[in-house]
Amino acid sequence: MIPERYSKLNERQWEAVRQTEGPLLILAGAGSGKTNVLTHRIAYLIEQDICAPYEILAITFTNKAAGEMKRRVTDMVDCGDAVWVATFHSTCARILRRHIGFLGYETDFTIYDSDDQRAVVRHVIKDLKLDPKAYKERQMVAFISDCKTQGVTPNEALRMAQYSFQTAWAEIYKAYEKRLKENNALDFDDLLLKTVELFRQEPDVLQYYRRRFRYIMVDEYQDTNHVQFELVELLAREHHNLCVVGDDDQSIYRFRGADIRNILDFEKSFPEAKVVKLEQNYRSTTHILDVANAVIKNNRGRKEKHLWSALGEGARVSFRLYETGQDEASDVVRSVKTAVLAGRASYKDFAVLYRTNAQSRLFEERCINASVPYALVGGVNFYQREEIKDILAYLRTVQNGRDDVSTERIVNKPRRGIGDTSIQKMRAFAAQKGISFMDAVERAEEVPGINTSTVTRFKEFAKLIKGLREDAGVLGDPEERLPFAELVQTVAEKTGYYDYLDEFDEDRRDQKIENIDEFISKAEEFENNWEEDRTASLQDFLEEVALVADVDALNEDDNKLLLMTLHSSKGLEFTTVFLCGMEEGLFPSYMSMDEDADVEEERRLCYVGITRAKKELHLSAARSRMVNGSMNYNDISRFVREIPPELLEQQGMRMSASYGSVFRKSAYTGFGGNGGAYGRPNTGSSFGGSGSYGGQRGTSGAAQKPAPKTAPQKPAFGLSFPVSPKNVTLDFEVGDRVVHTKFGSGTVTEITKKGEDYKIAADFDGFGRRVILLSSGMLKKET
DNA sequence: ACCAGGCTTCTTTTT
DNA sequence: GAAGCCTGGT
C-alpha cells in the first residue's frame, strides 16, 4: 500500500525514492526537488518497513538543511525524529564524544575554529623560532587543512617536502598537531579525520555503526572532500545502501578541499551503482534557466544534463552597468523599495547576492539610508565576535582546563595585572612540567622568577574559574548547574567583563552588550530546544555553538531584504535575485583567474547564483569600485558575456553615456557584436573583446604563477605555495606626464608603495585627481 | 604593564 | 579602509 503523497512525485523522483537497495547516485539539477526526494525516500523506508527510523543516517551540509529535513520527515511519518539527520561535522562530533577515548583524548574535547587554529599556529611559529613574517598564519592554517582533508599526516608531509620551506611547513603542522592534542582540542577537519581514524583503529566501533546505519543518505555530495568520502565509504562498505544526492554543477567548495571527483567517479567507486537524473526544475522560469545553461555549458568535465522547466518563459533576465559600486547599491535598493511600496512584492521576496562579504557594506549603507529592512546573512560569524569569543573562552576553560588557547585568551581579559612577561613565564613553567596552562596557574607560587603580587593575581584567576566550574556543573553535581542563560550572564558579571566594556566608547560598548544579550537569549533558546532524554551539559552547549553557522539562523518569516554571499545562498531560493558585482577580478575573483579549474569553480558559483531566482533575475556590474582603499576599474565579468545577448535585456546603461566610446572599444564588445566571447573560456588573458584592457585585473599584471602545480591530482604541497613577487616595474616619477586608458593625460603628483605594488596619484586633465594602482596596467608614460 | 600611534598587509568564498 | 603588528613612551 503506497500512500497517496508519492503520486505527486514525477517519474524520476519516484524512481529515486523506490530504489532503496544498493548504491544510488541521484544527479539532482538545481531546483529539481532533491530535498523532497530525500525526505520522501526516508519516509518510504520507514513506511514500507524496510528499516527502522534509527537505522537511517542522513547527512547534510548545514544545520539548517538538517533541521528542515528532520522537520519534514517528522511531519510525514511517526518516529521520524528517530532518524539521525545531521551535518558531517556534528555526526562526527557525536560519535567522537562517545569513543574518542580510544584515540587518547578526553571526551570533553574542545572544537577549535579558524581563529583558535591561528592562535595555535602563532604560538608554534614562536616556539620553533621561525620568522613570523615568512610563515603566514592563514596560509599555514590553510596548508594544515589541505593536508588533513587529503589525509596527509605531518610525517608524510615531512617526507614529501622537497624545499626547505616545505620542511618548515611540515614542522609547523607537526607541532600544531602536538599542541592540539595537548590542549585536548580538535579542529573542524579533525572531527572528520579522527572519526575515520577511530573506525580504522577500532573495528568493533566501526562494526557497531555499520550495523546501525543500514541506510545512508548524503546530501550535497558534490561538496564532500576525500575524508568525508572515506567516512561514508567505511560506513557503507558492508550493506552498500548508500544514496548520494548532488549536482556537479553546484560544487563550490573546492577551496575547502571538496573533491568533485567524488560525485563524478561515484559509479567507479561503486560499480553496481544506479543513477537517476532529476532534470525537471520546479523553481525557475525558462528564461532564467536558459541563462544558467548558457553560462555553465562553458565548463568542461561535467555531466551533461538537460534542465527544463514547465513554469513558462517568465520575465527576461536583465543586465545593468553602473558607474560605481555605490550607484549599483542605491539603484538595487531603490528598485526593491519601489516594488514593495507599489504593493507588488514584499521585502523578503528579494535577495542581493555578491561574491565577497566586503560588498555587503554598500548595500547595508543604502538600506539604512532608505529605511529598507534588511538581514545580513553570514559575514562575521556571531560566535566569532570578540566579546562572544571571550565569554566562550571562559566557558571552554571551565569545561576543558587543558584548552590553553582559551585560557591564555582570557587570563588577562579583562585586565587583572597579568602581563605578557608573566604569561611567558607561566607558559614556560607549564611546558617544563608537562601540564596545562590552567594547572600551572594553580601552582603559580612554584613559577621561578615570578613576584608575589603576580602570584596572587594568578591565584585569584584560578579561584574565579573554580567558582565558575561549580556554577556550570563541571565541578560537583551536573544537575545543579545554572541554566545556560544565567551561566553566560554570570560569566560576564563575575569576571568583571561588563565593567571592562565601560572602557569602550559608548557605541561600541552598547553594541557589545547587545551581542552578549543576544548570546544569553541564544543560550536560553538552546536550553529550551534540547530534546535528548538527558539534561544538556555545558559540553553540549559548547558543541552546538562551535558547529552552528549564521546561515542556519536565517529566519524566512522575517520580512527583510536579504544580503548574502553566493556561497551562503546555496540551497535557498528567492522570487527575485540581484546578482551584483559582475566584474572581472571580483567575480571571477582575481585569485581564481590564473587557472582553469579555479575559473570553473567560479562559474559554478555563478550558476548557483542564477538558479536561486524563481521569477526575476537582475545582473549588474559597476565600472569603478573601491577595493582595499583604492579604486578599481573592472571589465564586465566573462560570465555576463557568456550569455547570448538575445537572452539579456539591457536596461538603463545608466550614467554611462560619457564613457560610451571607452566601452565600445573594449569591455563592451561582449554585447551586440559579440565577437567570439565564447568558445573556449578561461584561456588566460586572451579573453575579452579588443584586449585594450589586456593586463588589467585589479592587482597583478603578468607573470604571476604559483610554484609548479601538478593537476589534477594535487599533492597537499601543491596547494598553497607562496606566490612569487608581483612583476611590476615603476618607470616614472612625480611630475611625469602620463596617459591613463580612461582618464587620458595627467601629471603624477604622488607615488606610494603598496606592498609589491605602487599607488600612483595623478592630476588628470578634465578628471582631476585619481589614484591608480600601477599593476592595473592602465597607466603609461606619455610619449 | 599598558597604551597610543604608526606602520603594514590584506581580502574569496566557510562547515 | 580595517585590523593587526610593532615601537616607543609613560
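Residues numbered from 1 in each chain as written. Chains lettered and ligands numbered in written order. Predicted model: local features only at pLDDT ≥ 70, side-chain atom pairs only at ≥ 80, totals over all residues. Heavy atoms only, no water.

Below, the discussion takes up the overall build of chain A. The number of helices and strands found in chain A is 30 helices and 23 strands. Of all intrachain contacts in chain A linking residues separated by at least 6 positions in sequence, the fraction that spans at least 24 positions is 75%. As presented, chain A carries roughly 33,800 Å² of accessible surface, and 49% of it is formed by carbon and sulfur atoms. (Helix = DSSP H or I, 4+ residues; strand = E, 2+ residues; numbered from the N terminus. Contact = heavy atoms within 4.5 Å. Areas by Shrake-Rupley, 256 points an atom, 1.4 Å probe, with all protein chains shown as cover.)

Turning our attention to the packing of helix H21 (residues 452–472) against helix H22 (residues 484–494). H22 packs onto H21 with a crossing angle of 165° between their chain directions and a minimal axis gap of 10 Å. One way to sum up the angle between H21 and H22 is to call them roughly antiparallel. H21 and H22 meet at a crossing whose hand is right-handed. The segment H21 lies against H22, with Leu464, Leu468, Asp471 and Ala472 engaging Leu487, Thr490, Val491 and Lys494. In the contact of H21 with H22, the residues fall into 5 nonpolar, 1 polar and 2 charged. (Axes fitted to C-alpha atoms, helices over the stretch in contact; angles between N-to-C directions. Parallel < 35°, antiparallel > 145°, perpendicular 65-115°, else oblique. Left-handed = near helix turned anticlockwise from the far one by under 90°. Nonpolar A, V, L, I, M, F, W, Y, C, P; charged D, E, K, R; others polar.)

In this section: the sheet that holds strand S8 (residues 274–278). Two pairing modes exist for strands in a sheet, parallel and antiparallel, and in both the strands are linked by backbone hydrogen bonds. Taken together, 6 strands build an open sheet; the order of strands is S3-S2-S6-S7-S1-S8 and the sheet is parallel. The open sheet terminates on both sides in strands that have one partner only, identified here as strand S3 (84–87) and S8. For this sheet the average axis-to-axis angle between neighbouring strands, irrespective of direction, equals 15°. When strand S1 (residues 24–28) meets strand S7 (residues 242–246), the two strands line up parallel, connected through 4 bridges. Considered in S7, the bridge of Leu27 is made with Gly246. (Pairing = 2+ DSSP bridges.)

Turning to the pattern of salt bridges, a few remarks are in order. Under the counting rule described, the total for this entry stands at 65 salt bridges. What emerges from the salt-bridge pattern is a single network uniting Glu386, Glu387, Asp390, Arg409, Lys413 and Lys512. (Salt bridge = Lys/Arg side-chain N within 4 Å of Asp/Glu carboxyl O.)

Counting across every chain of the model gives 26 aromatic pairs. Ring geometry for Phe143 versus Tyr173: centroids 6.3 Å apart, planes at 85°, classification edge-to-face. Of this pair, Phe143 sits in helix H6 (residues 137–149) while Tyr173 sits in helix H8 (residues 164–182), placing them 30 residues apart in sequence. Here the two residues Phe143 and Tyr173 agree in accessibility, since each one is buried. When the ring of Phe199 is compared with that of Tyr209, the centres are 5.9 Å apart and the planes differ by 45°; the resulting orientation is tilted. One end of the pair, Phe199, is in helix H9 (residues 188–201); the other, Tyr209, is in helix H10 (residues 203–212), with 10 residues separating them in the sequence. Like Tyr209, Phe199 is buried. Ring pairing ties together the aromatic residues Phe382, Tyr383, Phe484, Phe519, Phe526, Trp530 and Phe541, which thus form one cluster. (Phe/Tyr/Trp six-rings, centres within 6.5 Å; stacked < 30°, edge-to-face > 60°. Buried < 20%, exposed > 50% of the residue type's maximum accessible area, 1.4 Å probe, protein only.)

Glancing now at helix H27 (residues 596–610). Between the first and last C-alpha of H27 there are 21 Å, a value that for 15 residues agrees with the 21 Å anticipated at 1.5 Å per step. Buried residues dominate H27, accounting for 13 of its 15 residues. (Expected span 1.5 Å × (residues − 1).)

All right, on to helix H16 (residues 360–369) then. Buried within H16 are the following residues: Ser360, Leu362, Phe363, Glu364 and Cys367. Contact partners of the buried residues in H16: helix H15 (325–341), strand S12 (350–354), strand S13 (374–376), strand S14 (561–565) and strand S16 (613–627). Note on H16: the residue one or two positions beyond its end, Ser371, has a positive phi of about 50°.

A few words on the nonpolar core. Membership of the largest hydrophobic core comes to 51 residues, with the highest contact counts inside it found for Leu395, Met426, Phe461, Phe519, Leu538 and Phe541. If you list the elements that add at least two residues to this core, you get helix H17 (386–399), helix H19 (420–433), helix H20 (437–442), H21, H22, helix H23 (497–501), helix H24 (506–529) and helix H25 (538–547). Top contributing element to this core by residue count: H21, with 8 residues. One finds Ala86, Cys92, Val205 and Leu231 within the second-largest nonpolar core, a separate group that totals 45 residues. (Core = buried A, V, L, I, M, F, W, Y, C linked by side-chain atoms within 4.5 Å.)

Glancing now at the side chain of Gln359. Turning to its location among the elements, Gln359 is positioned in the loop between S12 and H16. Here the side chain of Gln359 touches Arg355 through a polar contact of 3.3 Å, landing on its backbone nitrogen. Residues in contact with Gln359, not counting those within four places in the same chain, are Tyr354, Cys580, Gly581, Leu586 and Arg625. (Polar contact = N/O pair within 3.5 Å; in protein donor to acceptor, adjacent residues only side chain to side chain.)

The next subject is the environment of Ser745. Within the secondary structure, Ser745 is located in strand S20 (residues 744–754). Considering only alpha carbons, one finds Ser745 and Leu779, 34 residues apart in sequence, at a separation of 9.5 Å.

In this section: the state of the cysteines. Counted by the stated rule, this structure contains 0 disulfides. Looking at Cys580, it has no disulfide partner, and the nearest cysteine sulfur is the one in Cys367, 11 Å off. The structure places no disulfide on Cys606, whose sulfur is separated from the nearest cysteine sulfur, that of Cys580, by 12 Å. (Disulfide = S-S within 2.5 Å.)

So, about a negative patch on the surface. On the surface, Asp81, Glu531, Glu532 and Asp533 cluster together into a negatively charged patch. For Glu532, the position within the fold is in the loop between H24 and H25. (Patch = residues over 30% accessible without salt bridge, like charges linked within 9 Å, V, L, I, M, F, W, Y side chains within 5 Å. Lys, Arg positive; Asp, Glu negative; His and termini not counted. Charge placed at Lys NZ, Arg CZ, Asp CG, Glu CD.)

Right, let's get into unusual backbone geometry. Between Lys413 and the following residue, Pro414, the backbone shows a cis peptide bond with an omega angle of 0°. Take Pro414: it is sitting in the loop between helix H18 (404–410) and H19. A cis amide bond links Phe587 with the next residue in sequence, Pro588, at an omega value of 5°. Not every positive phi belongs to a glycine, and Cys79 is a case in point at roughly 60°. Within the secondary structure, Cys79 sits in the loop between helix H3 (63–76) and S3. Within the chain, Asn184 stands out as a residue other than glycine whose phi angle is a positive 55°. Among the secondary structure elements, Asn184 is positioned in the loop between H8 and strand S5 (185–187).

Burial within strand S2 (residues 56–60) is extensive, with 5 of its 5 residues counted as buried. Side chains Ile56, Ala58 and Thr60 of S2 all project onto a buried face; the interleaved residues Leu57 and Ile59 project onto the opposite face, where all are buried too. When S2 meets strand S6 (residues 215–218), the two strands line up parallel, connected through 4 bridges. Counted as the bridge partner of Ile56 is Tyr215 from S6. Of the strand pairs in this sheet, S2 and S3 are connected by 4 bridges, and their pairing is parallel. In the strand pairing of S3, Thr60 is matched with Thr87. Remark: the S2/H3/S3 crossover connection has right-handed handedness. (Right-handed = clockwise from strand over helix to strand, strands pointing away.)

Glancing now at the confidence of the model for chain A. In this model, chain A carries an average pLDDT of 83, and 86% of its residues clear a pLDDT of 70 or more. When the elements of chain A are averaged for pLDDT, helix H29 (residues 660–665) gives the smallest value, 28, and S6 the largest, 97. Contacts of residues 653–728 to residues separated by more than four positions or lying in other chains number 146 contacts, the stretch itself having pLDDT below 50. (pLDDT = per-residue confidence, 0-100.)

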